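The residues making up each chain are set out below.
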Amino acid sequence: AKKDGKNTYHYYDKNLDKASEDKFKLLQLLRPAINQKQFKLYYQPMISLADEKITTVEALLRWPQPDGGFITPDQFIPLAESTGLISELGRWVIQQACLFCARHRSLGHSRLRVAVNLSVMQFKDGQLQHIVEKALHEAQIPADALELELTESLLIDETEQIQKQLNSLSDLGVTIAIDDFGTGYSNLGYLRNFNASKLKIDRSFIIGLGTAVDDEPLVEAIINMAKSLGLETVAEGIENKATLHKLLSMGCSVGQGYYWSKPVPEEELGALLNKSNSS
Ligand code: C2E
Ligand code: CA
Ligand code: CA
Ligand code: CA
């Protein structure tokens, strides 16, 4: 593993052999790390643009390393998915995120909601609903405190079996958000098949807003489409005021991005929640 200046590891290399060797080494570390619960959840707020208050918080996995750095999810999630290890890791994420939500609800943020990312693998063994119900019960939070983020590509390939599970989860009251919207090159027919309540516009469309005009019509069309389908739109990756103002003028309702906060550990999120409540 090579370290760069930003305290992250790069396991990939121009050299393919080296890359698969590194992948193998990473896998040797991943199994025990999951058994020993070496992971940490960071949290990033989603902000209601009308009043700049926190509505929901997204849980994002981090794999801390002994030197204080992290292996990023983009490096280990694909590996965890291809080896099936994501099932166990994903269950831990759901449990921890629900407990996190319960802690902050009891600290006075009584309507706080938490969002977790799901992999398609987590639908394969038919255990998801049980895992979700158990986590909600153990944390003593209502089902509508939990949001599941599913990438558009997962939903496009969706089988009847996934659709069934999603429908019974939404019957419970759990909400569903479509993640990375716009990157799936889909016909949009899949939107009919299940009850989503949110659509997260992929960061790649948001980045240029406020500076470049090219993406404006596209983003505006997505927001309008979402509205007519009764979906709330979340713009990911808002980094500055110009982008925020552009999105507000287009009628986007929720935002997420470095402009407000990077994903932070729970201790720091608590302070952000307090600020959001009192402003
Ligand atoms: P995602 O779900 O699309 O999450 C958003 C990513 O964008 C996060 O990267 C977040 O840190 C980053 N981001 C947020 N705002 C900004 C911004 O203003 N500017 C920039 N440049 N980036 C921003 P992160 O935490 O590295 O996660 C990467 C991906 O890893 C996630 O993308 C998600 O697909 C996956 N992931 C993370 N945690 C989990 C998990 O628990 N389970 C699963 N299955 N996937 C996860
Ligand atoms: Ca997400
Ligand atoms: Ca996303
Ligand atoms: Ca993504």
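For the chain, the name recorded in an unreviewed UniProt entry is EAL domain-containing protein, with Paraglaciecola algarum as its organism.

Chemist: So what exactly am I meant to see when it comes to the coordination of the calcium ion (ligand 4) here?
Modeler: Note on metal sites: the ideal angle is 109.5 degrees for four tetrahedral donors, and 90 or 180 degrees for six octahedral donors. With distances of 2.8 to 3.0 Å, the protein atoms coordinating the calcium ion (ligand 4) are D180 (OD) and D180 (OD). Between the calcium ion (ligand 4) and the calcium ion (ligand 2), a separation of 5.9 Å is found. Relative to the helices and strands, D180 resides in strand β8 (residues 175-181).

Chemist: Honestly, the packing of aromatic side chains in this entry has me stumped. Any pointers?
Modeler: Two descriptors summarise a pair of aromatic rings, namely the distance from one centre to the other and the angle between the planes of the rings. As enumerated under the stated definition, the model contains 6 aromatic pairs in all. Geometrically, the ring pair formed by W63 and F76 is edge-to-face, given 5.7 Å between the ring centres and 85 degrees between the ring planes. Placement of W63 in strand β4 (residues 53-64) and of F76 in helix α2 (residues 73-82) is noted, with a sequence separation of 13 residues between them. F76 carries the same exposure label as W63, and that label is buried. Ring pairing ties together the aromatic residues F39, W63 and F76, which thus form one cluster.

Chemist: Help me out: how do you make sense of the coordination of the calcium ion (ligand 2) in this one?
Modeler: For the calcium ion (ligand 2), every protein donor is listed as E58 (OE), N117 (OD1), E149 (OE) and D179 (OD), and the spread of their distances is 2.1 to 2.3 Å. Ordering the donors of the calcium ion (ligand 2) by residue number gives the pattern E-x58-N-x31-E-x29-D. By relative accessible area, E58 is classed as buried at 5%.

Chemist: Explain the site of ligand 1 to me, please; I cannot follow it from the model alone.
Modeler: Taken together, 22 residues lie near ligand 1, and R62, N117, S119, E239 and Y258 sit nearest. Measuring from a nitrogen atom of ligand 1, one finds a side-chain N or O atom of S119 at 3.0 Å. The side chain of D179 places a nitrogen or oxygen atom 3.1 Å from an oxygen atom of ligand 1. Burial of ligand 1 by the protein amounts to 85% of the accessible area it has alone, namely 810 Å². Within the residue set of the shell around ligand 1, elements represented by two or more residues are β4, α2 and β8. For the shell around ligand 1, the element with the most residues is β4, which contributes 4 residues.

Chemist: Just to check I follow, could you spell out the pairing of strand β9 (residues 198-201) for this structure?
Modeler: Remark: a regular strand shows side chains that alternate across the two faces of the sheet. Going residue by residue along β9, you find K198 and K200 tucked away on one face and L199 and I201 tucked away on the opposite face as well. Bridging between β8 and β9 involves 3 bridges; their strand directions are parallel. Its bridge partner lying in β9, A177 is registered against K198. Examined bridge by bridge, β9 and strand β10 (residues 232-235) share 4 bridges and lie parallel to one another. Its bridge partner lying in β10, K200 is registered against V234.

Each value, and the rule that gives it
Residues numbered from 1 in each chain as written. Chains lettered and ligands numbered in written order. Predicted model: local features only at pLDDT ≥ 70, side-chain atom pairs only at ≥ 80, totals over all residues. Heavy atoms only, no water. Donors = N, O, S within 2.8 Å, 3.2 Å for Na, K, Ca; no water. Helix = DSSP H or I, 4+ residues; strand = E, 2+ residues; numbered from the N terminus. Phe/Tyr/Trp six-rings, centres within 6.5 Å; stacked < 30°, edge-to-face > 60°. Buried < 20%, exposed > 50% of the residue type's maximum accessible area, 1.4 Å probe, protein only. Near = heavy atom within 4 Å. Polar contact = N/O pair within 3.5 Å; in protein donor to acceptor, adjacent residues only side chain to side chain. Areas by Shrake-Rupley, 256 points an atom, 1.4 Å probe, with all protein chains shown as cover. Pairing = 2+ DSSP bridges.

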